[in-house]
Structures are given as C-alpha cells and as structure tokens.
Amino acid sequence: MMYTFPKNLYTDVRIEDASVSEITFENGELRQNLKRNHKGAFIRIYDGHRWYYSSTTDIDNLQEEINQLALMAKANEEIDEDPIVKKFQVNTGEFWHFKDNDILKISQEDKLNLLKSFFPIIKSKEEVKMWRAIYLDRKITKEFYSSKGANLKFDYQTCALAYRYSLNVDGKTLDSGYDKTTTDFEELKSFGEKLKDKLERDILFTRDAKPITPGKYTVIFSPIATGVFTHESFGHKSEADLMLGDETMMKEWSIGKKVGADNLSIVDRGDILGSGFVPYDDEGTRTEKTYLIKDGILAGRLHSSITAASLNEEITGNARALNFEFEPIVRMTTTYIEAGTKTKEELIAEVKEGILIEDIKHGSGMSTFTIAPNVAYMIRDGKIAEPVNIAVVTGNVMETLYEIDGISKELEYHSFSLGGCGKFEQYPLPVGIGGPYIRVNNITVQ
C-alpha cells in the first residue's frame, strides 16, 4: 500500500489491525466470552514547527485524510534538514514473527476449554471462597509508511491465563492468584502445575503468617518484585519526555553520573518475547537494547525522535502509542536488572536477619518507592523462616540503588497478564518487567 505524501512536509501513517479474545468465569459461572476486532490508522504531519494528528477507522480513504490534514500545515522546503526528521529511521520489509503459532488459528472453544480444565484445582480447596478465571489474548498487525521511505509490516501477539482467588484459612484471609503470559498458546497447557503449587503455598502462608516487627531490614526481592521496582522507580525516570525543560532533573540525570552499586545494570529492550515485545516502535524505529545504568553509571535514557532531537541524543525505539487513536510518546518495552554472579541460595545464606519478598500486590514511586508485598518470609541465620505479613516496604530510589549488594544469576521475565503501564491518558500499555533476585540493605519495612 503506497500513498502520495504532500511535498515539503514530513508525513507518516500507522495502520493497526487488532484482534482480542476474552473469557471470564466467576466461581465457575461464565461471565464473558467475547471476540472483538478493530482496525484504524493514525496519521501525523510535521512542518518543522508543529505536529498535526488525525486518527480514523476509514482505512479505504486514508489518502483523502492525509490530503485534508496537510492543508493545516505550512510547506517547508527545509523539512528534510529538521533535527527531528533527520532522526527518523527508514526501515522496510515484512516481519511476521507468529506465522507458525498464530493465535488466530485457535478456536474460541479451545480457549474456553483450556481455561475450564484447571477448575478442579481451585474447587479442590475448601479454603478458596471466591475465584475468577480469565483467558485473554491479542494479536496485532501493524503497517508503517513515511514520506522518508519507511515501508514496514510486522506483528506481535500474547495469550494469557489468570486465576484470582480469595482465601480464608481459620479466619485469616488472603487475596492472591497465579497468571502466565506467553506468545505461544501451547505453553499455557502446563499452567495447572504452577497454579496448584502457588495455591497450596498461599494456603500455608495465610495459615502461618505473623505481623512483621517494623524496622529497617536487608530485603531480598524476587524477580517479580525486582521488576516492579525497576519499572516504577527507575524506568519512568528514564523516559526522556518527563525531563524536557526540567533543569533540575537534567542535572540529576546527567549521562556518566554514578547512580548505583558497581554491579548494577538496568536495561530496556523490545526484542524479548512477551507483553513488552515490540520489534518496531510507532515511529518505525527498530527497537534495541538500551542500557539505562551500566555498572552503576547512568548510561542512557529512553527516547522518541522528538526527545532525541531535543537532547541531541539517539533514538532508542521507545515511541509507543496505546493504539491507533493516540500519538506515540516515550514508553518502556521490557525493563529489567541484568543478572549477577550469586545464586538465590547464596544471597539468602549471607543474611543474618532479613526478609524475602516472594510476591507483591503493587508498587509505585519515582523519587520514593513503595512496594506492598503479598507474600513474604523472614530470613534467619541464612535460612528462610516463618511467613510474615507486611504492609509496605519503602525507600529513596537513588539511595536504594547504592544499597544493592547482591544480584542472582537466575533471571526471569514477567508479563502483565491483566492491565499494564499507565502514562498520561494512555493506559493500559502492555510492557514486560523482570530481573534476578536482588539483595538490598536498609529498607524500611512496616
């Protein structure tokens, strides 16, 4: 598909075709079984002074939409020399990653039956008082064309199972669950083993957990806790559009500055399969591995073409839009701490008294972070001991990065099965998180 682009203006067109399936049961009763599809396009025109946007579902008349939008702009013979326009990559070709395991080839009945196949695990436990079972998938194909010559077609997909349950064990309660997101439907068929294990561990935790004694502790974060901490506390601070015009933040965030422990490296990359997989961003830029911190030194930040031109840095492939109705802004893909040299067991063995956070409810923070653990255990004399109930753990982000004194060899990536990342009005954007087990000193625990 080719378009006639207006002269002396920069133009790009992003076409999105999205298919979604969602099935929900509550306490074994079917509440939702839907399939939906939307197709639309987002058009941008830039004249060197301002941007002009249009979104439409009228795919057959995109040329007319381009022509009408161009009437608002002012022709600029020097547009190709504009710093923003010069940043744009010109990528071409078709990149189909999911031809062999296309989720659209799986029937809705097969999806529903897979979800139901794990009901007996939940129903076998009298401690489960309320539960939900959810299947969700999405398949998106995109086309991207620009006046510089970009001509791209690519796809991505995810499918997920999520079980949520409320436990009551001798009058003590816990809301928990287990979910798995993957890019291959076949991988969901092993879901039951992990669900059963998680459910049994949650029942024991609920029965035995005691309140924590508040104070400062050495805390070991599991990969899911590490991932949420990295995303919320550091990833957002690395999004360059949040620092434009903020001299204080630019000074705090100067490349080459020492910001953390020597063994700490934080990465964002779009080529990891999962909910953060984005082979090309919504400006047609090939995603790449971007070091935000390398060996404790601030090494980079996340960019769109606009922010890269403003800060005289290079684009990173992080211009992402929620869907065809929105303009691309700087967003993360999969953000994680790189693996270290110790085993999980070594990290624990070296702690006299501390805490292991295995699972969390949520996390937030930019300058100060807050994580609410869901499942946590005391560590005593280098061994995992009794389960403990913790309201929150908190700390100053920039101080905490120096307090990391151990990082495991084991590294896990996690995808948000439900929800995603929010920024401005664009929520929920699929992203990935992850990391190793990390050991952090002097964390305030309440």
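Right above here is the structure, for reference.
Residues numbered from 1 in each chain as written. Predicted model: local features only at pLDDT ≥ 70, side-chain atom pairs only at ≥ 80, totals over all residues. Heavy atoms only, no water.

J.: Mind laying out the overall build of the protein chain, listing which residues take part and the relevant values?
T.: Within the protein chain one finds ten helices and 23 strands. On C-alpha atoms alone, the protein chain measures out to a radius of gyration of 24 Å, which is about the 22 Å that the 2.2 N^0.38 rule sets for 446 residues. Structurally, the protein chain occupies a C-alpha span of about 70 × 55 × 30 Å along its principal axes. When the 446 residues of the protein chain are sorted by exposure, 56% land in the buried category. Taking the contacts inside the protein chain whose residues are at least 6 apart along the sequence as the reference set, 73% of them involve residues at least 24 apart. For the protein chain, the separation between the mean place of its 55 positive charges and that of its 70 negative charges on side chains is 3 Å. (Helix = DSSP H or I, 4+ residues; strand = E, 2+ residues; numbered from the N terminus. Rg over C-alpha atoms; globule rule 2.2 N^0.38 Å. Buried < 20%, exposed > 50% of the residue type's maximum accessible area, 1.4 Å probe, protein only. Contact = heavy atoms within 4.5 Å. Lys, Arg positive; Asp, Glu negative; His and termini not counted. Charge placed at Lys NZ, Arg CZ, Asp CG, Glu CD.)

J.: Tell me what's going on with the nonpolar core, and back it up with residues and numbers.
T.: By size, the foremost hydrophobic cluster in this structure holds 41 residues, and its most contacted members are Phe 221, Ile 355 and Val 445. Taken together, the elements giving at least two residues each to this core come down to strand E9 (215-221), helix H6 (223-235), strand E11 (290-294), strand E16 (353-365), strand E17 (368-380), helix H10 (397-400), strand E20 (404-415) and strand E23 (432-445). When residues no more than four places from it in sequence are discounted, the contact partners of Val 445 are Ile 212, Pro 214, Gly 215, Tyr 217, Val 219, Ile 355, Ile 390, Val 392 and Val 393. Membership of the second largest hydrophobic core comes to 32 residues, among which are Leu 112, Val 128, Tyr 163 and Phe 185. (Core = buried A, V, L, I, M, F, W, Y, C linked by side-chain atoms within 4.5 Å.)

J.: Give me the layout of surface pockets: which residues, what numbers.
T.: What the second largest pocket holds in volume is close to 700 Å³. Val 20, Arg 138, Ile 140, Pro 428 and Pro 430 are, among the 35 residues lining the second largest pocket, the residues nearest its centre. Among the secondary structure elements, those contributing two or more residues to the lining of the second largest pocket are strand E1 (10-26), strand E2 (29-46), strand E5 (128-146), strand E6 (151-169) and strand E22 (426-429). For the lining of the second largest pocket, the element with the most residues is E5, which contributes six residues. (1 Å grid on protein atoms, 1.4 Å probe; cavity = no way out; pocket = protein on both sides within 12 Å on 5 of 7 lines; lining within 4 Å. Points joined across faces, edges and corners; volume = space filled by probe spheres on them.)

J.: How would you explain a negative patch on the surface if you had to name every residue and give the values?
T.: A surface patch of like charges, here negative, comprises Glu 345, Glu 346, Glu 410 and Glu 412. For the negative patch, the secondary structure elements donating two or more residues are helix H9 (344-349) and E20. Locating Glu 345 in the fold gives a position in helix H9. A relative accessible area of 53% means that Glu 345 is categorised as exposed. (Patch = residues over 30% accessible without salt bridge, like charges linked within 9 Å, V, L, I, M, F, W, Y side chains within 5 Å. Areas by Shrake-Rupley, 256 points an atom, 1.4 Å probe, with all protein chains shown as cover. Salt bridge = Lys/Arg side-chain N within 4 Å of Asp/Glu carboxyl O.)

Note that every value here comes from positions in space, so none of it alone points to a role or purpose.
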